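The chain contents come next:
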Amino acid sequence: MNGSGAGESDGAGGSIVTPSAEFPPLAPEELAALRRIGDQWRAARRDQPPGALPVDPTLRRAGGQPEPSRFGRLAPIAMFRVGEPDELVATEPANLPGTRFGRTVTRLRRALFGPPLSSSAVLYERMRKLVALPVLSSDLLSSVAYGPEAMLAVLLLAGSGALGLSLPLAAGLVVLMIAVGISYRQTIPAYPHGAGSYIVAGDNLGALPGLAAAAGLMLDYVLTVAVSVAAGVHAVTSALPELAGWTVPVGVLAIVLLLAGNLRGVRVAGNIFVLPTYAFVAAVLTLLVVGFAQAVGRGFAPVPPPPVPIVEGASALLVLRAFSSGAVSMTGIEAVSNAVPAFRPPEWRNARTTLGWMVAMLVLLFAGLTLLFHLAGLVPRPDATMLSQLARVTFPTGPWYGLIQAATALILLLAANTAFNDFPRLLFFMARAGHAPRRFLHMGDRLAFSNGLVTLAVAAAVILVVFRGHTESLIPLYAVGVFLAFTLSQAGMVAHWRRHRGPGWRRRLALNAVGATLTGLVLVTAGTAKFTEGAWVVVVAVPLLVLLFWAIHRHYRMLHQALALHPPPVVPTAAPSVVPAPPATAVAAPPEGEELPQQVRHLVVVPVARLNRASLRALAYAASLGQPTLAVHIAPEEPEADRFRAQWRVWGDHVRLETIVSPYRAVIGPLAHYLEALHAARSDLVLTVIVPEVVVRSRWHRPLHSRAEQRLRSALRPLPAVVVTSVPVHLTE
């Protein structure tokens, strides 16, 4: 599953989430090639010392106080502070745009989402168990509000007499919940750095099953948001029927609010969503206690349900359809194993404990509600949910009905938060392996995967609008994707235990095999019985998504092969002419006044993100100009800066390197401010910024690249005496 050039993370399992994932290390053979390339650079530049520059790149000696610039009242050099030796650290003001409109938008965004967080804060953006439980279980626990009802709605097709089958079906679902829960509890210590179905299936079954699991999970997460929001709005309209005409606008607004909350960061989002989940659990437990107390008063005699005409015979296929419909109550059970890195240390132990709590609460709520529905003689109705009917029957007077409905609506609306937590993380792992665009590796200024969050919100809003917010229309699409991921994950764990035969491996293998068999049965049943009801959409979408992931991986693999370092052929080189650096006492020319060649004083700056053929071609082009050359690397954190400097020394340190740590992960802003500072220190210099640019032939490949050279050119256009040029590297397919 490790795609070439996708960027492997350090640590066991390769699943550690860090801002440096955008900067993959070089392979050993590339380091060897880099050393050989550096030897030829040394021979070619024997008479040109790499440190001969007309300006101090550390900005400690500016030759006078720089004037305020277009970047604001702050002087440019105040945008940086000296960190470790030979390193600058970009301060927070360096992230501000240069225009007034841009600064206004930035201040508004920070007012909504909070100030930026430093890369070092990623260790503190973790959740303790009492916070992780409501955040990661909101999808799982909220599904009991519509899962039993979905099962009863199918049984009702065979008339009221078939509703008695709900109890043995619920017992079977409880067995399935416990089996799958135990299976995922085994998965967590086996993959302590995050064990989503994509990673488990890909690691043990191969790339294709891993991509199929990823496609199923992605569809599941998008549908989780759409179904949860639709069910939450339905709970609101059950209590307030006058809002029934506003289902879609209210649902879209709820998705926007969820997006805004999650863009504030994992820890803040967790604190926001803690209370509604606990309130729902308390409300349902109260409902169960009072409901069973009332049932005890009448001797547990079930109330006869109202007569319903028979639409379809009580066949085995109908029973299997009802079972698969009730199985949607399990969606979200994999959330903890996907988000192990989001827990506080020890991560795997806290995650496993949280999963145990979740499964126990799920079994209690699901079994209790199904039994109460049977005892109260309730049937599904289009105008009110069954949970609303049960609350109305149990609490005919007083405020309790309104409180239960409010708690149900809140958790259903916020249940989508589980998907907002796991969907971007899945895209991160896929992008790291080269199966998704690399922009999903980037952490926003609040250490959240902003690109993944926005993608999920847009996709869910589109589905909600297309299906007009009807939960019944969305649920048939729901079970296929999630149980495909369940089945592949459990099958992957069976293969895992066969290869890693530790103590008790046979027992663990048997448990995962049972889980794989049961979830596979639900998958086949849901795919066949609900095919014409809408499940065909998922059946068709999964292979199409797999083909898309495969095409993206093929492109990135070809890109890596084109840019990978190879030992150069040994060719004789002539000694180049030496161009001396301009004296430090040169008279500064007025801005943009270099009409004559003798007025021009050059400094060539090459931004280098990673050492590959594209960056070395840009460096070679810069060195061939015979002018003083400076390389600049923007790193998101100290370890990445240290690693890059080590690679630079392996290459031979032929060009003076300045590393800037950008703890808020911005690239264009700190680089633009740094160039502004260099120009302020020597206003007579013409800064030539040489940017390596990958040129692709297919238009659909362009969104797979960041286009940083265009954004840098836009940021530097108002700055005088700065020339931005691109060194293209063309890809042929």
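What counts as what
Residues numbered from 1 in each chain as written. Predicted model: local features only at pLDDT ≥ 70, side-chain atom pairs only at ≥ 80, totals over all residues. Heavy atoms only, no water. Helix = DSSP H or I, 4+ residues; strand = E, 2+ residues; numbered from the N terminus. Buried < 20%, exposed > 50% of the residue type's maximum accessible area, 1.4 Å probe, protein only. Contact = heavy atoms within 4.5 Å. Areas by Shrake-Rupley, 256 points an atom, 1.4 Å probe, with all protein chains shown as cover. Pairing = 2+ DSSP bridges. Phe/Tyr/Trp six-rings, centres within 6.5 Å; stacked < 30°, edge-to-face > 60°. Lys NZ or Arg CZ within 6 Å of the ring centre and 35° of its normal. 1 Å grid on protein atoms, 1.4 Å probe; cavity = no way out; pocket = protein on both sides within 12 Å on 5 of 7 lines; lining within 4 Å. Points joined across faces, edges and corners; volume = space filled by probe spheres on them. Core = buried A, V, L, I, M, F, W, Y, C linked by side-chain atoms within 4.5 Å. Expected span 1.5 Å × (residues − 1). Polar contact = N/O pair within 3.5 Å; in protein donor to acceptor, adjacent residues only side chain to side chain. Right-handed = clockwise from strand over helix to strand, strands pointing away. Axes fitted to C-alpha atoms, helices over the stretch in contact; angles between N-to-C directions. Parallel < 35°, antiparallel > 145°, perpendicular 65-115°, else oblique. Left-handed = near helix turned anticlockwise from the far one by under 90°. Salt bridge = Lys/Arg side-chain N within 4 Å of Asp/Glu carboxyl O. Patch = residues over 30% accessible without salt bridge, like charges linked within 9 Å, V, L, I, M, F, W, Y side chains within 5 Å. Nonpolar A, V, L, I, M, F, W, Y, C, P; charged D, E, K, R; others polar. pLDDT = per-residue confidence, 0-100.

1. Examining the overall build of the protein chain
Counting its regular elements, the protein chain contains 23 helices and seven strands. Sorting the 733 residues of the protein chain into buried and exposed places 57% on the buried side. At a minimum sequence separation of 6, the contacts of the protein chain that also span at least 24 residues come to 82%. Surface exposure of the protein chain reaches about 29700 Å², of which carbon and sulfur atoms provide 65%.

2. Concerning the pairing of strand E5 (residues 656–661)
Note on strand geometry: in a regular strand, side chains alternate between the two faces of the sheet. Most of E5 sits inside the fold, with five of its six residues counted as buried. Taken together, the three bridges between strand E2 (residues 87–90) and E5 define a ladder with parallel strand orientation. Bridge pairing links Leu 88 to Ile 660 in E5. For strand E4 (residues 629–635) and E5, the ladder comprises six bridges, and the chain directions are parallel. When the sheet's bridge partners are listed, Leu 630 is paired in E5 with Arg 656.

3. Re the packing of aromatic side chains
Overall, the coordinates contain eight aromatic pairs when judged by the stated rule. Measuring from ring centre to ring centre gives 6.0 Å for Tyr 184 and Phe 486, while their planes differ by 70 degrees; the resulting arrangement is edge-to-face. Here Phe 486 lies in helix H17 (residues 471–499) and Tyr 184 lies in helix H5 (residues 166–190), a separation of 302 residues in the sequence. Note on accessibility: Tyr 184 and Phe 486 belong to one class, buried. Between Phe 428 and Phe 429 the ring centres are 5.6 Å apart and the planes differ by 65 degrees, which places this aromatic pair in the edge-to-face class. For the residue pair Phe 428 and Phe 429, the accessibility class agrees, reading buried in each case. An aromatic cluster of at least three residues, connected via ring pairs, comprises Tyr 184, Phe 483 and Phe 486. Over the ring of Tyr 401 we find Arg 392, and its NZ or CZ is 3.7 Å from the ring centre. Seen from the ring of Trp 497, Arg 508 lies directly overhead, with NZ or CZ sitting 5.5 Å from the centre.

4. Regarding empty space enclosed by the protein
Enumeration over the complete set of coordinates arrives at one cavity of 30 Å³ or more. In this structure, the largest cavity spans a volume of roughly 70 Å³. Together, Gly 196, Ser 197, Tyr 198, Ile 199, Leu 217, Tyr 221, Asn 338, Asp 422, Arg 425, Leu 426 and Phe 429 line the largest cavity. Of all the secondary structure elements, the ones that give two or more residues to the lining of the largest cavity are helix H6 (197–205), helix H7 (207–239) and helix H15 (416–432).

5. A few points about the environment of Pro 639
Along the chain, the position of Pro 639 falls in helix H21 (residues 638–651). Taking relative accessible area as the criterion, Pro 639 reaches 54% and is therefore assigned exposed. When the C-alpha atoms of Pro 639 and Ser 20 are compared, they prove to be 8.3 Å apart, with 619 residues separating the residues in sequence.

6. A word on the environment of Asp 220
Within the secondary structure, Asp 220 is located in helix H7. Residue Asp 220 is classed as buried on the basis of its relative accessible area of 1%. A sequence separation of 261 residues divides Asp 220 from Gly 481, and the C-alpha atoms of the two residues are 5.5 Å apart. Leaving out residues up to four positions away in the same chain, Asp 220 has contacts with Thr 331, Glu 334, Tyr 478 and Val 482.

7. Examining unusual backbone geometry
Cis geometry marks the peptide bond from Pro 345 to Pro 346, where omega comes out at -10 degrees. Within the secondary structure layout, Pro 346 lies in the loop between helix H11 (335–338) and helix H12 (347–376). You will see that Arg 665, though not glycine, has its phi angle at about 70 degrees, which is positive. Within the secondary structure, Arg 665 sits in the loop between E5 and helix H22 (668–681).

8. Here we look at the nonpolar core
Counting 158 residues, the largest nonpolar core has Leu 136, Tyr 198, Val 225, Val 229, Leu 369, Phe 420 and Phe 483 as its most contacted members. It is H7 that provides the largest number of residues to this core, a total of 19 residues. Aside from chain neighbours lying at most four places away, what touches Leu 136 is Met 127, Gly 332, Ala 335, Val 336, Ala 339, Phe 343, Met 358, Thr 418 and Asn 421. If you look at the next biggest cluster of nonpolar residues, it comprises 31 residues, including Leu 603, Leu 630, Ile 634 and Ala 677.

9. Some points on helix H20 (residues 613–624)
With 12 residues, H20 ought to run about 16 Å at 1.5 Å a step, and its terminal C-alpha atoms sit 16 Å apart, in line with that. For H20, every residue scored as buried is listed here: Ala 614, Ser 615, Leu 616, Ala 618, Leu 619, Ala 622 and Ala 623. Residue Asn 612 occupies the N-cap position of H20, its side-chain oxygen lying 3.1 Å from the main-chain nitrogen of Ala 614. Following H20 by one or two positions, Gly 626 has its phi on the positive side, about 75 degrees.

10. Focus: the pairing of strand E7 (residues 722–730)
Judged from the nine bridges that link them, strand E6 (residues 685–695) and E7 form a sheet pairing that is parallel. Residue pairing in the sheet places Val 689 in a bridge with Val 724 of E7. Each parallel crossover has a hand, and for E6 linked through helix H23 (residues 708–716) to E7 it is right-handed.

11. Let's talk about the packing of H7 against helix H19 (residues 531–563)
The geometry of a pair of packed helices is captured by two quantities: the angle between their axes and the separation between those axes. Close contact between H7 and H19 brings their axes to 9 Å; oriented N to C, the two are set at 125 degrees. Relative to H19, H7 is oriented oblique. Every pair of crossing elements has a handedness; the one defined by H7 and H19 is right-handed. Only Val 538, Ala 541, Val 542, Leu 545, Val 546, Phe 549 and Trp 550 of H19 make contact with H7, whose side of the interface consists of Ala 207, Leu 208, Leu 211, Ala 212, Ala 214, Ala 215, Gly 216, Met 218 and Leu 219.

12. Focus: the pattern of salt bridges
Taken as a whole, this structure holds four salt bridges when the rule is applied. Of the charged contacts in the structure, one is a salt bridge between Asp 642 and Arg 645, with a shortest N-O distance of 2.5 Å. Residue Asp 642 and its partner Arg 645 are both found in helix H21; the two are separated by three residues, about one turn of the helix. Salt-bridge contacts for Asp 684 lead to Arg 682; the nearest nitrogen and oxygen are separated by 2.7 Å. Judged by relative accessible area, which is 1%, Asp 684 ranks as buried.

13. Observations regarding a nonpolar patch on the surface
A cluster of nonpolar side chains, namely Phe 531, Trp 536, Val 537, Val 539, Val 540, Leu 544 and Leu 547, defines an oily patch on the protein surface of about 620 Å² accessible area. Its location among the elements puts Phe 531 in helix H19.

14. Topic: helix H8 (residues 247–263)
For H8, with 17 residues, the first-to-last C-alpha span of 25 Å sits near the 24 Å given by 1.5 Å per residue. Taken as a whole, H8 has its buried residues at Thr 247, Val 248, Gly 251, Ala 254, Ile 255, Leu 258, Leu 259, Gly 261, Asn 262 and Leu 263. Following H8 by one or two positions, Gly 265 adopts a phi angle in the positive range, close to 115 degrees.

15. Some thoughts on the packing of H7 against H15
Between H7 and H15, the shortest axis-to-axis distance is 9 Å and the interhelical angle comes to 155 degrees. One finds that H7 runs roughly antiparallel with respect to H15. For the crossing formed where H7 meets H15, the hand is left-handed. Residues Ala 214, Leu 217, Met 218, Tyr 221, Val 222, Thr 224, Val 225 and Ser 228 of H7 pack against Ala 416, Ala 419, Phe 420, Asp 422, Phe 423, Leu 426, Leu 427 and Met 430 of H15. Among the residues making up the contact of H7 with H15, the classes are represented as 13 nonpolar, two polar and one charged.

16. Considerations on the confidence of the model for the protein chain
Averaged over every residue, the pLDDT of the protein chain is 80; the share at 70 or more is 84%. Mean pLDDT values over the elements of the protein chain span from 67, in strand E1 (residues 80–82), up to 92, in H12. For the stretch residues 1–15, pLDDT sits under 50, and the model shows 48 contacts to residues farther than four places along the chain or on other chains. Contacts from residues 573–596, a stretch scored under 50 in pLDDT, to residues over four places away or in other chains number 29 contacts.

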